[in-house]
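Each chain, written out:
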Amino acid sequence: MNAKRKRPDTISDSVTEQERIVHEVIQSKQDMGISQQDIKREINLHSNLIAKCIKSLVSKNLIKEVKNIHSRRQKHYMSAEFEPSNEITGGAWYVEGSLDKEYINVLKEQCWRKIYGLKVATLEGIADAIKRSNVSQIELSKQQVEEIVKALVLDNEVMEVRSTGTGEFASIPVGKACYKCAGKRGYGGEPKLGALASIPCGVCPQISRCTPDGMISPITCEYYKKWLEF
Amino acid sequence: MVTQYGIKYAVNLITAHFGDLVAKVCECLLRRGPLTLQAIVRSTELTSSQVKNSLLVLIQHNCVQAFILDQTGEHGDGAKQSTQYIALFDNIIQRWRFPKFLTMVSKKLDKQCVELLEGLLQHGRLTLKQMFDRARSGQNEGDDVVQEAFVKLLNAHFIERCPASEPVLTNPTKEEEAARKRAAKSGKILEVQETLEQRVVEAAMPTEALRFLFATETEPTADGGKDKSNSSSVTLGEKRKHDAIESKAESGATDEQVVLWRANIDEFIRHLRHKACIENVRARFDDGAVIVFGAMLEATRSAEKKVKTENSVPLSLSSIYEEVIKSEEGRNITFDRVRASLVQLSCPPFVKAANESYSVDFKKIIELAQHEEVESIVLKRYGRDAYRMFRLLSNSGHLLETDKVADATFVEKKETPIILYKLWKDDYLQLEKLQIGVKQTPFQLWKVNKSTLKVHVLDEMFHAAFNLSQRVAFELEQEKELSNVLQDKRVNRLRKRLLLESSQMKLDDAIMLFHDF
């Protein structure tokens, strides 16, 4: 992936030799950046000295602190001329290093409603429908629509099918992937509860330790007791 | 494959129905595989007479089959024949389902058929004479009523002749084994390993011609009594021509005295399988599609050669339509509506179309139902994020790296491995580590192995079924001890029992889905 740069590479004359070395290490990581711990692994300088160099470079606007979704606790640094890559920001779905779940859920519901309205929809059809309704202020790329729709498939809200070119698929080329709402329930409804899942044993984290005469048994089970309370 | 809790569950059933002694012999066979009488005696430390009597009970009730293993010595030193006994796990677990079988017959046939079947289920196997005697002493019904009910049950294939008492089983020769392995390797045949239990059952089963054959002493009808479609009655004259039937007239005994009959479990399971498929269709499609689907099953049921049939016999559109309009609810359905329903049923592909004919894809329907059951467990036990991850891995069918799972399911990168580990620890996922370069942390790759997972989930179901039965027994004991409690507590106890028993029924449906269908 091409690193994003804002301005040509420059080094201030006022940096010390150690600061220059630290800056070079950070710069070499381009738009991926690097943590203080990893800097220490690459160059043989004391942690305190590295920390001092980093503080100085930040104050001189030669480097900046960025969020890395892979290691939220550790600080991550990048040379000032680069923009953080999607790999460390998480891309469009991340804000300040965390998943923007509210935004994702809103988009999921909107996509589902478009699919429900269209009965059978291709990705292009869904993307068009969202664009036309202007629900999202930000334009969604086709890839982003695909990611949302595939997440709906994983939620079992929507199913992926192949067009047969006939009947409800008449306007869609044969073999093209399209999407339909799954089942008869509305959006957000729970899938049908299975037989094992509807009894205490089905959800019990201790099932493998449960025996008829053991400490955990169906006779002494607290989950059973609650389940059978009337 | 019989799982650990499958065995516990089966033994629990046998104990409840026949007591500890019989259960001990049954458990010995279930855990150790087929054994001779002497080996059972040694293993159980019971007397020979106790073991023999227990085996007789188990054989009478179709829970054990005797067979002779013909072991030709490797150096051609004469065949060794020894009678061994094998526990029929598949039959034992059916014992819990007898009420379901009786309900089915009460809906499809009449009260007399239900009573006759009840006798067969209670006693395991009976001759026709024993059925007559039972009816006379119990319901005070005449032989002709009983025979009529018997023929109805036989025509519907709900009862069958009992299997041979000691079939001979030969081990495949080395040449046969090698040829089968070669064919499997080249992909020419699907290598389906039959279990020993299946081989014994197959060897003992009467031929298809004989299985539902009922010899009578009536005069031949105008057409010679040859209604091949469903009648199983032939005249004595016809019977003598069958090589497979011993001539009972020579010994002086009639069929009704010596031929033993029993409930045909296969047919009941087939009906229940169809019922489960219809319910699955009902959950996804409209009433019209359900009627069309049901009609297809009705039309092709008798052509199914085995219970776990993957596809129904293909039917043309007009054959399906003819079957649809036979029923009251299907009478108003038009030809076009039938066609439209068939298109509906192709997505998901419950019905496949090829060369202007349609067949039901049972395998697909059962698989989808199994996936839904497992996914429901994952959702309830581990939460929605885990549910999405599990579905991703299950649908993809191959290994996926942790970050890819996080991206596709919209879960934080740091939380994803924690959830995946939980699923892996409980054997719902497989984990492989991929090391690239010495210094780098290995990549973690995750996968759903459907075949091992199915066995694992089935064992959990047997465990849960066993637990439920233990709890039911406990609640019943409590009820007896507290028989003088106040009315409101009694109502609560009744509610508890109803909840437990309905849960048992529902769980048993799920066990059938994973084990019998």
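Model, not experiment: these values are computed from the prediction.

A. Focus on the overall build of chain B. Within chain B, the secondary structure is distributed over 25 helices and 14 strands. Looking at chain B as a whole, 46% of its 517 residues qualify as buried. Summarising the internal contacts of chain B: among those between residues at least 6 apart in sequence, 66% fall at separations of at least 24. Per element, the accessible surface of chain B, about 26,600 Å² overall, is 51% carbon and sulfur.

B. Summary view of the confidence of the model for chain B. Residue and element names in this part refer to chain B. Scored by pLDDT, chain B has a mean of 85; 84% of the residues are at 70 or more. In the predicted structure, residues 187-192 sits below a pLDDT of 50 and forms 6 contacts with residues beyond four places in sequence or in another chain. Low confidence marks residues 217-252, where pLDDT is under 50. Its contacts with residues over four positions away, or in another chain, come to 39 contacts. For this predicted complex, the interface score ipTM comes out at 0.82, alongside a pTM of 0.82.

C. Just unusual backbone geometry, in detail. The omega torsion across Cys347 of chain B and Pro348 of chain B is 0°, close enough to zero to call that bond cis. As for its position among the elements, Pro348 of chain B is in the loop between helix 19 (335-344) and strand 10 (351-354).

D. Representation of the sheet that holds strand 4 (residues 76-79) of chain A in the model. All names here are of chain A. In spatial order, the strands read 2-4-3; together these 3 strands make up an open sheet with antiparallel pairing. Edge strands, defined here as strands with exactly one partner in the open sheet, are strand 2 (34-35) and strand 3 (63-66). On the sheet, helix 1 (residues 17-28) packs against strand 2, strand 3 and strand 4 and is oriented at approximately 90° with respect to strand 4.

E. Main features of the packing of helix 17 (residues 287-300) of chain B against helix 19 of chain B. All names here are of chain B. Where helix 17 meets helix 19, the axes come as close as 9 Å, and the angle between the chain directions of the two elements is 90°. Taken together, helix 17 and helix 19 sit at an angle that is classed as roughly perpendicular. For the pair helix 17 and helix 19, the contacting residues are Gly288, Ala289, Val292 and Met296 in the first and Arg337, Val338, Ser341, Leu342 and Gln344 in the second. The residue makeup of the contact of helix 17 with helix 19, split by class, is 5 nonpolar, 3 polar and 1 charged.

F. Geometry of the UniProt feature "domain: RNA polymerase III subunit RPC82-related helix-turn-helix" (unreviewed entry) in chain B. UniProt marks residues 9-67 of chain B with the feature "domain: RNA polymerase III subunit RPC82-related helix-turn-helix" (unreviewed entry), using the numbering shown here. Along residues 9-67 of chain B, the helical share is 75% and the strand share 7%, with 25 Å between the first and last C-alpha atoms.

G. A look at the domain arrangement of chain A. Partitioning chain A into structural domains gives domain 1 (17-90), domain 2 (100-193) and domain 3 (199-230). Placing a centre on the C-alpha atoms of domain 1 of chain A and another on those of domain 2 of chain A gives a separation of 41 Å.

H. View of the packing of helix 2 (residues 20-32) of chain B against helix 4 (residues 48-60) of chain B. Residues and elements named next belong to chain B. The interhelical angle for the contact between helix 2 and helix 4, taken along N-to-C directions, is 80°, at an axis separation of 9 Å. Overall, the two elements helix 2 and helix 4 adopt an arrangement that is roughly perpendicular. Here Leu21, Val22, Val25, Cys26 and Leu29 of helix 2 lie close against helix 4, whose contacting residues are Gln50, Val51, Ser54, Leu55, Val57 and Leu58. Grouping the constituent residues of the contact of helix 2 with helix 4 by class yields 9 nonpolar, 2 polar and no charged.

I. The sheet that holds strand 11 (residues 357-360) of chain B, seen in detail. Residue and element names in this part refer to chain B. The strand order across the open sheet formed by 3 strands is 9-11-10, and the pairing between neighbours is antiparallel. Edge positions in the sheet fall to strand 9 (315-316) and strand 10, since each has one partner strand and no second. Strands strand 9, strand 10 and strand 11 of the sheet are contacted by helix 17, whose axis makes an angle of about 90° with strand 11.

J. Layout of the environment of Glu310 of chain B. Residues and elements named next belong to chain B. As for its position among the elements, Glu310 is in the loop between helix 17 and strand 9. The exposure class assigned to Glu310 is partly exposed, which follows from its relative accessible area of 40%. A C-alpha to C-alpha distance of 20 Å links Glu310 and Leu458, two positions 148 residues apart in sequence. If we skip the residues at most four places from it in the chain, Glu310 touches Val360, Asp361, Phe362 and Lys363.

K. Local environment of the packing of aromatic side chains. Evaluation of the coordinates by the stated rule reveals 19 aromatic pairs over all chains. Where Trp112 of chain A meets Tyr187 of chain A, the ring centres are 5.5 Å apart and the plane angle is 50°; that geometry is what we call tilted. In this pair, Trp112 of chain A sits in helix 5 (residues 101-118) while Tyr187 of chain A sits in the loop between strand 9 (177-181) and helix 8 (200-203), placing the two residues 75 residues apart along the sequence. Relative to Trp227 of chain A, the ring of Tyr224 of chain A has its centre 5.7 Å away and its plane inclined at 75°; by these criteria the two rings are edge-to-face. Placement of the pair is Tyr224 of chain A and Trp227 of chain A together in helix 9 (residues 222-227), with a separation of 3 residues, close to one helical turn. An aromatic cluster of three or more residues is present, and its members are Phe98, Phe101, Phe158 and Phe268 of chain B. The ring of Tyr116 of chain A has Lys119 of chain A lying over it, and the distance from NZ or CZ to the ring centre is 5.9 Å. The positively charged end of Lys8 of chain B is found above the aromatic ring belonging to Tyr5 of chain B, 4.8 Å away from the centroid.

L. Structural detail: helix 1 (residues 4-18) of chain B. Residue and element names in this part refer to chain B. In a regular helix each residue adds 1.5 Å, so 15 residues correspond to 21 Å; helix 1 covers 21 Å between its end C-alpha atoms and thus fits that length. Regarding helix 1, the residues found buried are Tyr5, Gly6, Ile7, Tyr9, Ala10, Val11, Leu13 and Ile14. A positive backbone phi angle near 95° is found at Gly19, which sits one or two residues after helix 1.

Basis of the calculations
- Residues numbered from 1 in each chain as written.
- Chains lettered and ligands numbered in written order.
- Predicted model: local features only at pLDDT ≥ 70, side-chain atom pairs only at ≥ 80, totals over all residues.
- Heavy atoms only, no water.
- Helix = DSSP H or I, 4+ residues; strand = E, 2+ residues; numbered from the N terminus.
- Buried < 20%, exposed > 50% of the residue type's maximum accessible area, 1.4 Å probe, protein only.
- Contact = heavy atoms within 4.5 Å.
- Areas by Shrake-Rupley, 256 points an atom, 1.4 Å probe, with all protein chains shown as cover.
- pLDDT = per-residue confidence, 0-100.
- Pairing = 2+ DSSP bridges.
- Axes fitted to C-alpha atoms, helices over the stretch in contact; angles between N-to-C directions.
- Parallel < 35°, antiparallel > 145°, perpendicular 65-115°, else oblique.
- Nonpolar A, V, L, I, M, F, W, Y, C, P; charged D, E, K, R; others polar.
- UniProt positions renumbered as here; feature names shortened; annotations may be inferred.
- Domains from an automatic or database assignment.
- Phe/Tyr/Trp six-rings, centres within 6.5 Å; stacked < 30°, edge-to-face > 60°.
- Lys NZ or Arg CZ within 6 Å of the ring centre and 35° of its normal.
- Expected span 1.5 Å × (residues − 1).

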